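What follows is each chain in one-letter form.
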2 protein chains.
Amino acid sequence: MKMEGGATPNALLGLLSLRPMSGYDIRQVISESIGYFWSESYGQIYPGLKRLEAEGLVSKKTVRGKGSPDRNVYSLTEDGRRKLREWLKLPVAEVVPRNELLLKLFFGAHVSPNVSREHVQAFLERCQEDLRVYGELEKGLRKKGVPESQLPFCMMTLNMGRHRSAAMVKWCEETIAELDKIERTAKGGK
Amino acid sequence: MKMEGGATPNALLGLLSLRPMSGYDIRQVISESIGYFWSESYGQIYPGLKRLEAEGLVSKKTVRGKGSPDRNVYSLTEDGRRKLREWLKLPVAEVVPRNELLLKLFFGAHVSPNVSREHVQAFLERCQEDLRVYGELEKGLRKKGVPESQLPFCMMTLNMGRHRSAAMVKWCEETIAELDKIERTAKGGK
DNA sequence: GAGGACATGTAATGTGTTACATGATTAA
DNA sequence: TTAATCATGTAACACATTACATGTCCTC
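Here the structure is a predicted model, which is why all the values come from computation and not from measurement. (Residues numbered from 1 in each chain as written. Chains lettered and ligands numbered in written order. Predicted model: local features only at pLDDT ≥ 70, side-chain atom pairs only at ≥ 80, totals over all residues. Heavy atoms only, no water.)

A. Summary view of the overall build of chain A. If you tally the helices and strands in chain A, you get seven helices and two strands. Going from the N terminus to the C terminus, chain A shows its helices and strands as α-α-α-β-β-α-α-α-α. Taking 16 Å as the expected radius of gyration for a compact globule of 190 residues, we find that chain A reaches 22 Å, considerably beyond that expectation. When its C-alpha atoms are laid out on the principal axes, chain A stretches across 70 × 45 × 35 Å. The buried share of chain A, taken over its 190 residues, is 42%. Restricting the contact set of chain A to residue pairs at least 6 apart, pairs at least 24 apart contribute 56%. Total accessible area computed for chain A in this model is approximately 10,400 Å², and 54% of it derives from carbon and sulfur atoms. Positive and negative side-chain charges of chain A, numbering 31 and 24 respectively, have mean locations separated by a distance of 4 Å. (Helix = DSSP H or I, 4+ residues; strand = E, 2+ residues; numbered from the N terminus. Rg over C-alpha atoms; globule rule 2.2 N^0.38 Å. Buried < 20%, exposed > 50% of the residue type's maximum accessible area, 1.4 Å probe, protein only. Contact = heavy atoms within 4.5 Å. Areas by Shrake-Rupley, 256 points an atom, 1.4 Å probe, with all protein chains shown as cover. Lys, Arg positive; Asp, Glu negative; His and termini not counted. Charge placed at Lys NZ, Arg CZ, Asp CG, Glu CD.)

B. Representation of the relation of the copies chain A and chain B in the model. Least-squares fitting of chain A to chain B yields an RMSD of 0.0 Å, with the superposition described by an axial translation of 0.0 Å and a rotation of 180°. Such values leave the two copies arranged in the relation of a two-fold axis. Most of the interface of chain A is mirrored in chain B: 100% of its interface residues are interface residues there too. (Least-squares fit on C-alpha atoms with pLDDT ≥ 70 in both.)

C. Main features of the interface of chain A and chain B. In this assembly, 68 residues from chain A lie in contact with 68 residues from chain B. Buried surface at the junction of chain A and chain B, summed over both partners, amounts to about 6,600 Å²; 73% is from carbon and sulfur atoms. Broken down residue by residue, the surface that chain A buries against chain B is led by A:Arg98, A:Phe106 and A:Met160, which jointly contribute 12%. The interface formed by chain A and chain B includes four salt bridges. Residue A:Glu40 is joined to B:Arg98 by a salt bridge in which the shortest nitrogen-to-oxygen separation is 2.9 Å. At the surface where chain A touches chain B, the tally comes to 24 residue pairs in polar contact (both at pLDDT 80 or more). Counting only elements with at least two residues in the side of chain A that touches chain B, the list comes to α1 (7-18), α4 (78-89), α5 (100-106), α6 (113-143) and α7 (151-188) of chain A. Sorting elements by how many residues they give to the side of chain A that touches chain B places α7(A) first, with 18 residues. Its residues assigned to classes, the side of chain A that touches chain B shows 38 nonpolar, 17 polar and 13 charged. (Buried area = accessible area lost by both parts, 1.4 Å probe. Salt bridge = Lys/Arg side-chain N within 4 Å of Asp/Glu carboxyl O. Polar contact = N/O pair within 3.5 Å; in protein donor to acceptor, adjacent residues only side chain to side chain. Nonpolar A, V, L, I, M, F, W, Y, C, P; charged D, E, K, R; others polar.)

D. Region of the structure containing α4(A). The terminal C-alpha atoms of α4(A) lie 17 Å apart, and with twelve residues this matches the ideal 16 Å at 1.5 Å per residue to within 8%. Listing the buried residues of α4(A) in full gives A:Gly80, A:Leu84, A:Trp87 and A:Leu88. Projected down its long axis, α4(A) carries its buried residues within an arc of 100°, all on one side. Buried residues along α4(A) sit against α1 and β2 (71-76) of chain A together with α5 (100-106) and α6 (113-143) of chain B. (Expected span 1.5 Å × (residues − 1). Arc of directions from axis to C-beta.)

E. Structural detail: the environment of A:Asn72. Residue and element names in this part refer to chain A. Of note, Asn72 is situated in strand β2. A sequence separation of eleven residues divides Asn72 from Lys61, and the C-alpha atoms of the two residues are 5.8 Å apart. Apart from residues lying up to four places away in sequence, Asn72 is in contact with Met21, Ser22, Gly23, Lys60, Lys61 and Thr62.

F. Examining helix α3 (residues 42-54) of chain A more closely. All names here are of chain A. For α3, spanning 13 residues, the distance from its first C-alpha to its last is 18 Å, which sits close to the expected 18 Å at 1.5 Å a residue. Those residues of α3 that fall on the buried side of the exposure criterion are Ile45, Gly48, Leu49 and Leu52. Here the buried face of α3 lies against α1, α2 (23-31), β1 (58-63) and β2. Trailing α3 by a residue or two, Gly56 shows a phi angle of about 75°, which is positive.

G. Region of interest: the environment of B:Pro9. Along the chain, B:Pro9 falls in helix α1 (residues 7-18). Along the chain, B:Pro9 and B:Leu84 lie 75 residues apart, while their C-alpha atoms are 9.4 Å from each other.

H. Local environment of the nonpolar core. Counting residues in each nonpolar core, the largest one holds 103 residues, and the members touching the most others are A:Ile26, A:Trp171, B:Ile26 and B:Trp171. In this structure, B:Ile26 is in contact with B:Leu12, B:Leu15, B:Leu16, B:Met21, B:Ile45 and B:Leu49, ignoring residues within four places of it in sequence. (Core = buried A, V, L, I, M, F, W, Y, C linked by side-chain atoms within 4.5 Å.)

I. How the structure looks around the packing of aromatic side chains. Under the counting rule described, the total for this entry stands at 14 aromatic pairs over all chains. Judged by centre distance (6.3 Å) and plane angle (10°), the rings of B:Tyr24 and B:Tyr42 are stacked. Of the two residues, B:Tyr24 sits in helix α2 (residues 23-31) while B:Tyr42 sits in helix α3 (residues 42-54), which places them 18 residues apart along the sequence. Judged by relative accessible area, B:Tyr42 falls into the partly exposed class, the value being 29%. Counting every residue linked through ring pairs, the aromatic cluster contains A:Tyr36, A:Phe37, A:Tyr134, B:Phe106 and B:Phe107. Cation over ring: A:Lys104 sits above B:Trp87, and NZ or CZ is 4.5 Å from the ring centre. (Phe/Tyr/Trp six-rings, centres within 6.5 Å; stacked < 30°, edge-to-face > 60°. Lys NZ or Arg CZ within 6 Å of the ring centre and 35° of its normal.)

J. How the structure looks around the domain arrangement of chain A. All names here are of chain A. For chain A, the assigned domains read domain 1 (7-89) and domain 2 (100-188). Once you take the C-alpha centre of each, domain 1 and domain 2 turn out to be 31 Å apart. Each partner contributes to the interface: domain 1 provides five residues, whereas domain 2 provides seven residues. Of the roughly 420 Å² buried at the junction of domain 1 and domain 2 (both faces included), carbon and sulfur atoms supply 59%. A per-residue breakdown of the area domain 1 buries against domain 2 is headed by Leu18, Glu32 and Tyr36, which together make up 82% of the total. Run the count over domain 1 and domain 2 and you get zero salt bridges. Taken together, the connections running from domain 1 to domain 2 amount to two residue pairs in polar contact (both at pLDDT 80 or more). When grouped by side-chain class, the residues that make up the side of domain 1 that touches domain 2 number three nonpolar, one polar and one charged. (Domains from an automatic or database assignment.)

This is the structure in structure tokens:
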């Protein structure tokens, strides 16, 4: 009867495997590590940690703050570590990710090609920005204390981002050229 | 107060812009057109159509079935068409799509490299299959009655899939090689 | 004294899938 | 007769974000 699908609680376990953290810390760490392919809101994190504690997968230690609020620092228990390993072994649940850009582009014939062009242009800029961020992230990895054993895995995820963004940049350029062509012929044929 | 974000009702409007359809039809059409980047379940479609009708964006016509159940066929009203155009002009809401494969890969140091390798291998096969499907889809487009004006937009969405899948195939191959290297050194160093 | 970072948490709301319920027709 | 396809719809549940509520300390 146990649903093993839930990626969110397992993501929390994974993050706590890096080091003991509070809910607040987790949010920070996400944004500077896996933020480009995973995110969690406080509304998921705090109740999630509470549930994991009730299941004995993490343990809480309240740290009296010196000049700051109390922190609830959670760490993985042996059970939690085992649970994480089991989840990692399960096949990846594949979903079709929704792509609103493609949806709008698909129905682009209803509006001026200019509209689609701007959507693609915005996406292009975003991809270029992402490529820049991946560079920063890599620098951060090399400097900061990422365990030797974890480093190649970080790099693999970064590399997917790079391959993806580079391909998207190419597609954007081709698509913008195509949209420009459509606009020119629309104007020329008038 | 109106939330304009809702992509799902707008997706329904877009699909009905192709031709009048029943909720059942919509599901079929999705799977043979935009299914690789968008999907809707009946639980969204039927209540969604009802709501759109109440707002006057679509109109319902019940067609008595000859040897099959009655069909509720919906068509776009002028208001619906206008609403669709307005939505198409709004900037694309950008979200970070979650990627469970990357999440598992990121924490791959906790399990044998073999486990990650198999996840990537499965993803590789899926991408290759996708590339094949895009070919089929394109053939279908050329044969069937897709309006001339809509065709280039279909092709643009297909091309994004192609660029993406091709990049992913390359990444998978590189990543599998890297994982093999890790496994060899782990074995060699023992 | 205003604003921002630190810190925790809940409630309301939105979004979406899955399973269920129903029932006819058609092909194996 | 059994399964698949056609067809519509609801209810329960799962998942997630946002806004709100609260309060401290530190810097400008």
